[in-house]
Amino acid sequence: MSRIDGKAAAAALRERIAAKVAAFRQQVGRAPGLAVVLVGEDPASSVYVGSKGKATIEAGMESFTHRLNAATSEADLLALVKKLNADERVDGILVQLPLPAHVDESKVLDTIDPSKDVDGFHVINAGKLAVGQEALVPCTPYGCIHLLKEELGDLSGLHAVVIGRSNIVGKPMAQLLLAENATVTIAHSRTRNLQEIARTADILVAAVGRPEMVKGDWIKPGATVIDVGINRLPPAEEGARGKLVGDVATEEAEGVAKAITPVPGGVGPMTIAMLLANTLRAAHAREGLEAPEL
Ligand code: NDP
C-alpha cells in the first residue's frame, strides 16, 4: 500500500509551471495574470484566496486580488467581472464560492469570459468537456486525474466509480475518466447498493462531503482510492480545532487499497497547482500560443 503524495506532486508541478511562466514572460513580454475575487469575510474562503494569491506570485505570475464586502450588490460584482474580462493583463478570473445569498451564483459564473474561466465552471467549458473538446477543466478533478495518471499510467479499461455528482467535482471527474477510456460509474445519494458498487472499482473516487463514509470493506483489494473529501470533525476539547478527515476511513482503507490519497496532503494541494496550470494554459491560448506540456 502506498500513500499518494499530493503535496510532493503539486510542488513538482508548480516548479514546472514556474519554468513555463518564465518562458512565456520572455516570449510575450508580460507575465500571465490571475484575478481572484472574494465577496464577504468567510474565514475559510479568505484563507483560500490568500493561498491562491501567494501561489500565483510564487509561480512568477501577476496576482490581482479583489476583496469586496459582503453587502456588495450583484450588479457591482457583475460590473467587476466584466471589467476583468476586458483587462488585457488578466488571463484567468476566479470568483471564490460560495457567494452571499443575495447574489445569483450561476449568473456571475456565466458572466466570466469562458477563455478566462480558470475554475472551469462556465457552461461553455462544462459543455466542451462533455463533448470532448479542449476546455478549461475544474481544478480539483483535473488534479485528481493528474495524480491517477502518475500513479497508474494508462487508465483505459479500468472501472472507475465516482461517488458524488456535483458540477464542481463529481461530474467533471467522471468526464475526465471517460476521456481516459475508463469505464465509469457515477454514484450519488440515491444510488442503491453503493457499497457493492464501490467494491467493483479499480479506481474509487470519493467526493461526497461525509466524514469517513467509505469503509475498508467498500474497497476492492488492490484498488486506487482518491479521497476528495475535506471534513472537519467536532473538536475533542473546547477551544481546539477538530481533526480534518476525508470521505474515506483512511486507516481501514490502507489495509485493502493499493494506493490512497491522504487527507490532508492528497488532493487538496493539487487544486491550487491546477489553478496555476489553467491560468498558464489560458494565457497561452489568449496569445495564440500552443498550450505547454506540463
Ligand atoms: P456537494 O455537496 O456539491 O456534492 C456531494 C455529492 O455527494 C452529491 O452528488 C451527493 O448526492 C453525494 N452524496 C451525499 N451524500 C451521499 C451518500 N450518503 N451516499 C452517496 N452519495 C452521497 O459537494 P462537492 O462535490 O462540492 O464536494 C465534495 C467533497 O469534496 C466535500 O467534502 C468538499 O469539501 C470536498 N472538496 C474538496 C476540494 C479539494 O480541493 N480537495 C475541492 C472541492 C470540494 P446528490 O447529488 O444525490 O445530493
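Residues numbered from 1 in each chain as written. Predicted model: local features only at pLDDT ≥ 70, side-chain atom pairs only at ≥ 80, totals over all residues. Heavy atoms only, no water.

A. Focus on the overall build of the protein chain. Check the secondary structure of the protein chain and you find ten helices and eleven strands. For the protein chain, the C-alpha radius of gyration of 19 Å lies close to 19 Å, the compact-globule estimate for 294 residues. Along the first, second and third principal axes, the C-alpha set of the protein chain runs to 50 × 45 × 30 Å. By residue count, 49% of the 294 residues in the protein chain fall in the buried class. In the protein chain, 69% of the contacts between residues at least 6 apart in sequence involve partners at least 24 apart. Counting only carbon and sulfur atoms, one obtains 51% of the accessible surface of the protein chain, whose full area is about 13800 Å². The protein chain carries 31 positive and 36 negative side-chain charges, and their two centres are separated by 1 Å. (Helix = DSSP H or I, 4+ residues; strand = E, 2+ residues; numbered from the N terminus. Rg over C-alpha atoms; globule rule 2.2 N^0.38 Å. Buried < 20%, exposed > 50% of the residue type's maximum accessible area, 1.4 Å probe, protein only. Contact = heavy atoms within 4.5 Å. Areas by Shrake-Rupley, 256 points an atom, 1.4 Å probe, with all protein chains shown as cover. Lys, Arg positive; Asp, Glu negative; His and termini not counted. Charge placed at Lys NZ, Arg CZ, Asp CG, Glu CD.)

B. Structural view of the site of the ligand. The full set close to the ligand counts 21 residues, and Arg 165, Ser 166, Ser 189, Arg 210 and Thr 271 are the nearest of them. Within the side chain of Ser 166, a nitrogen or oxygen atom sits 2.5 Å from an oxygen atom of the ligand. Between the ligand and Ile 230, the relevant distance is 3.1 Å, taken from an oxygen atom to a main-chain nitrogen or oxygen of the residue. Its free accessible area being 930 Å², the ligand has 69% of it covered by the protein chains. Sorting elements by how many residues they give to the shell around the ligand places helix H10 (residues 267-286) first, with three residues. Each residue belonging to the shell around the ligand can be placed in one class, and the counts come to nine nonpolar, ten polar and two charged. (Near = heavy atom within 4 Å. Polar contact = N/O pair within 3.5 Å; in protein donor to acceptor, adjacent residues only side chain to side chain. Nonpolar A, V, L, I, M, F, W, Y, C, P; charged D, E, K, R; others polar.)

C. Spotlight on helix H6 (residues 139-152). The end-to-end C-alpha distance of H6 is 20 Å, a good match for the 20 Å that 14 residues give at a rise of 1.5 Å each. Here H6 lies mainly inside the structure; ten of its 14 residues are buried. Turning to H6, its buried residues number three or more, namely Cys 139, Thr 140, Pro 141, Tyr 142, Gly 143, Cys 144, Ile 145, His 146, Leu 147 and Leu 148. In the core, the buried residues of H6 are packed alongside helix H1 (6-28), helix H7 (170-179), strand S7 (203-206), strand S8 (224-227) and H10. At the C-terminal side of H6, Gly 153 shows a positive phi close to 75 degrees. (Expected span 1.5 Å × (residues − 1).)

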